[in-house]
Amino acid sequence: MNILYLTTVLPSQRKTGGEIASQSFIDALEQSGHKVLVVGYQRQGDVSLNKLVNEISVGQRYIETDKSKFYPLFWMGLSLIKKLPYSCAKYYSERYIKNVITLLNNQDYDVAIIDHAQVGWLLPFLSNKIKLIFIAHNVEHEVYLEQFQNTHNNISKQIYKREAHLIQELEDSVARKAKEVWTFTSYDASYFSNINKATRVFNIPSSLERLSSTTAMKTFDVGILGSWTWKANMLGLKWFFQEVYPLLPLDFSIQVAGRGAEWLQGQYPNVKYCGFVPDVQAFMAQAKVIAVPSISGGGVQIKTLDAIASGTPIVATPVAMRGICDYPSCVKVVEKPKDFADHLVELVANTAPDSCEDALIWSRIRQKKFFADVADAMNSIRVFQGIFPT
């Protein structure tokens, strides 16, 4: 089938968990024999990004608010004028709309995919003849409700309250119109199935391309990896250093990788901030233990799946494991800071030699099931359209 895939940021560079998840779906669709055209933005100033042949860029955009200069003011103004959520105004443009209309006029598409509620405003421009799939990376409005409840600033509370209300209206509207809603967790599916009974859960796989049991030399004790420009991730990192770090031995060597945590530089004598690392797998393989200290957010965390696929023992919070069931024995899930610290100490001292193979088998099975589930979902839509497999 011919598929028009509408998203926020062109995901082929896999720079964030959301992009990794999106690209996983694109890869699975193409492996199933479907033709996929991906439409989205490039990151502002990202000269390293070479578009793939199946990608159309509708321009460059700043993505992370804290690095967007004066654009947040523009986006807030646009959100008020268009009555859009702020998180949608970041991606709204007449150029995007014109590109979609032109593509629909010049080509016949069997399926359109709205990937992220943040591009849900494209819904009115899609033909009713096209079967619509909505990929909901999480229950978006609940993320902003959580921030509304956790902030004490009155202005921020009003902003988050407005955002939660408007994004819920939008994601519910897209879910109602969609032929199917694709989610990442049973929790998210339970919400959307009340709106659209044709809701599926997909087990997103790890982003690691080479699932190998080859062992690497351990060069530090604890590794922490994430995209710290995302507020939910940053809250978890700060929780770790405020609540868990004081309970750890002072001679523990800790390395933190990922953009957005520059404040860590020079703060702790035994902590090294690495910033962006080009090889995530190599970073995790060099750690004796991976810590995943998430305390808020929605959807499945790709960094947790990557940590499991690396074969390195893991200590994670329950939030970090949301949507991930029947995980391998190398994963220890704890909630209290003292328990978190105690498990790190124990695993650093006693790294299980057989944990790697257990985790690799789990990751391979999950990856295989994901590709099979996407193929099955598309076959169901194909049959519904009367286009039977040959």
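Model, not experiment: these values are computed from the prediction.

Along its length, the chain carries 12 helices and 13 strands. The C-alpha extent of the chain, read off along each of the three principal axes, is 65 × 55 × 40 Å. Contacts spanning at least 24 positions in sequence make up 65% of the contacts within the chain whose residues lie at least 6 apart. Summed over all atoms, the accessible surface of the chain reaches about 17,800 Å², with 53% contributed by carbon and sulfur. Across the chain, the 40 positively charged side chains and the 37 negatively charged ones have centroids separated by 6 Å.

Here we come to helix α8 (residues 231-244). Helix length check: α8 (14 residues) gives 19 Å between terminal C-alpha atoms against 20 Å at 1.5 Å per residue, within 8%. Taken as a whole, α8 has its buried residues at Ala 232, Asn 233, Met 234, Gly 236, Leu 237, Trp 239, Phe 240, Phe 241 and Val 244.

On to the layout of surface pockets. When its volume is computed, the second largest pocket comes out at roughly 470 Å³. Every element with two or more residues in the lining of the second largest pocket is listed here: α5 (140-150), α7 (186-192) and α12 (355-384).

Once that is clear, we can look at empty space enclosed by the protein. All chains considered together, the criterion is met by 3 cavities of 30 Å³ or more. A volume near 40 Å³ is recorded for the second largest cavity. In terms of lining, the second largest cavity is formed by Leu 225, Met 284, Ile 290, Ala 291, Val 292, Lys 303 and Ala 307. Those elements that provide at least two residues to the lining of the second largest cavity are β11 (287-292) and α10 (302-309). Here the element with the most residues in the lining of the second largest cavity is β11; it accounts for 3 residues. Looking at the lining of the second largest cavity residue by residue, the classes come out as 6 nonpolar, no polar and 1 charged.

Take unusual backbone geometry next. Its identity as a non-glycine residue notwithstanding, Arg 14 has a phi of 55°, on the positive side. Following the sequence through the fold, Arg 14 ends up in the loop between β1 (2-9) and α1 (17-31). Using a relative accessible area of 24% as the deciding quantity, one classes Arg 14 as partly exposed. If you check the backbone angles, Lys 83 has positive phi at about 55° while not being a glycine.

This brings us to the sheet that holds strand β5 (residues 131-135). An order of β3-β2-β1-β4-β5-β6-β7 is seen for the 7 strands of this open sheet, with the pairing classed as parallel. Single-partner strands in this sheet number two, and they are β3 (55-61) and β7 (199-201). In this sheet, adjacent strand axes meet at a mean angle of 20° when their direction is disregarded. Alignment of β1 against strand β2 (residues 35-43), held across 6 bridges, turns out to be parallel. Each bridged residue has a counterpart across the sheet, and for Ile 3 the counterpart in β2 is Val 36.

We now examine the nonpolar core. Among the nonpolar cores identified, the biggest contains 51 residues, and Tyr 5, Phe 25, Leu 29, Trp 182 and Met 378 are the most heavily contacted of them. With 8 residues, the top contributor of residues to this core is α12. With residues up to four places along the chain from it excluded, the contact list for Met 378 reads Met 1, Ile 3, Leu 29, His 34, Val 111, Ile 133 and Trp 182. By size, the runner-up hydrophobic cluster in this structure holds 47 residues, among which are Tyr 91, Ile 97, Ile 130 and Leu 132.

The next thing to look at is the side chain of Ser 207. Summarising the element assignment, Ser 207 is placed in the loop between β7 and β8 (220-225). Exposure remark for Ser 207: the relative accessible area of 15% places this residue in the buried category. Here the side chain of Ser 207 touches Asp 306 through a polar contact of 2.7 Å, side chain to side chain. Residues within four places of Ser 207 in sequence aside, it is in contact with Ile 20, Ile 302 and Asp 306.

Topologically, Ser 93 is positioned in the loop between α3 (86-89) and α4 (94-106). Contacts of Ser 93, omitting those with residues within four sequence positions, involve Tyr 41, Arg 61 and Trp 121.

Our next topic: the pairing of strand β6 (residues 180-183). By the alternation rule, side chains of β6 split into Glu 180 and Trp 182 and Val 181 and Thr 183, which are all buried. Bridge count for β5 against β6 is 3 bridges, and the pairing is parallel. Bridge pairing in β6 places Phe 134 opposite Val 181. Between the parallel pair β6 and β7, the chain is carried across by α7, and the sense of this crossover is right-handed.

Time to look at the environment of Asp 27. For Asp 27, the location among the structural elements is in helix α1. A sequence separation of 353 residues divides Asp 27 from Ser 380, and the C-alpha atoms of the two residues are 18 Å apart. For Asp 27, the residues in contact, after removing those within four places along its chain, are Arg 14 and Phe 371.

Interaxial distance between α5 and helix α6 (residues 154-177) falls to 8 Å at its minimum, and their mutual angle equals 165°. Relative to α6, α5 is oriented roughly antiparallel. Like other packed secondary-structure pairs, α5 and α6 cross with a definite hand, here left-handed. Between α5, through Glu 140, His 141, Tyr 144, Leu 145, Gln 147, Phe 148 and Gln 149, and α6, the contact on the second element is made entirely by Lys 157, Tyr 160, Lys 161, Glu 163, Ala 164, Ile 167, Gln 168 and Glu 171. Tallied by class, residues from the contact of α5 with α6 come to 6 nonpolar, 4 polar and 5 charged.

About the thresholds
- Sequence order sets the numbering: in each chain, residues are counted from 1 along the sequence as written.
- Whole-chain, interface and lining totals are the exception, using all residues; otherwise, since this is a predicted model, local features are given only for residues with pLDDT of at least 70 and side-chain atom pairs are given and counted only at 80 or more.
- Values shown for side chains rest on all heavy atoms present in the structure; no hydrogens or waters enter the calculation.
- Only DSSP runs of H or I reaching four residues or more are called helices, and only runs of E reaching two or more are called strands; each is numbered from the N terminus.
- Contacts between residues were defined by any pair of non-hydrogen atoms, one from each residue, lying within 4.5 Å.
- Areas reported as accessible are Shrake-Rupley estimates using a 1.4 Å probe. Residue values count occlusion only from the protein chains shown.
- Neither His nor the chain ends contribute to the count of charged residues, in which Lys and Arg are positive and Asp and Glu negative.
- Here the site of a charge means atom NZ of a Lys, CZ of an Arg, CG of an Asp or CD of a Glu.
- To estimate the expected span of a helix, subtract one from its residue number and multiply by 1.5 Å.
- When a residue's accessible area, from a 1.4 Å probe over protein chains only, is under 20% of the maximum for its type it is buried; when over 50% it is exposed; and in between it is partly exposed.
- Only protein atoms enter the calculation, which uses a 1 Å grid: trapped sets of points that fit a 1.4 Å probe without letting it out are cavities, open sets showing protein on both sides within 12 Å along at least five of seven lines are pockets, and any residue with an atom within 4 Å of a point is a lining residue.
- Grid points are joined across faces, edges and corners, and a volume is the space filled by probe spheres set on the points.
- When residues are grouped by polarity, Ala, Val, Leu, Ile, Met, Phe, Trp, Tyr, Cys and Pro land in nonpolar, Asp, Glu, Lys and Arg in charged, and all others, Gly among them, in polar.
- Strands pair, by our definition, only if DSSP identifies at least two bridges between them.
- Angles here are taken between N-to-C directions and fall from 0 to 180 degrees, while the axes themselves are lines fitted to C-alpha atoms, restricted in helices to the stretch in contact.
- For this analysis, a nonpolar core means a set of buried residues of the types Ala, Val, Leu, Ile, Met, Phe, Trp, Tyr and Cys, connected via side-chain atoms within 4.5 Å.
- N or O atoms closer than or at 3.5 Å make up a polar contact, with two conditions inside protein: a donor-capable atom paired with an acceptor-capable one, and, for residues adjacent in sequence, both atoms drawn from side chains.
- Convention used here: a crossover is right-handed provided that the path from the first strand, over the helix, to the second strand proceeds clockwise when the strands point away from the viewer.
- Each angle receives one of four descriptions, namely roughly parallel if under 35 degrees, roughly antiparallel if over 145, roughly perpendicular if within 65 to 115, and oblique otherwise.
- The handedness criterion is simple: a crossing whose near helix is rotated anticlockwise from the far helix by less than a right angle is left-handed, and one whose near helix is rotated clockwise is right-handed.

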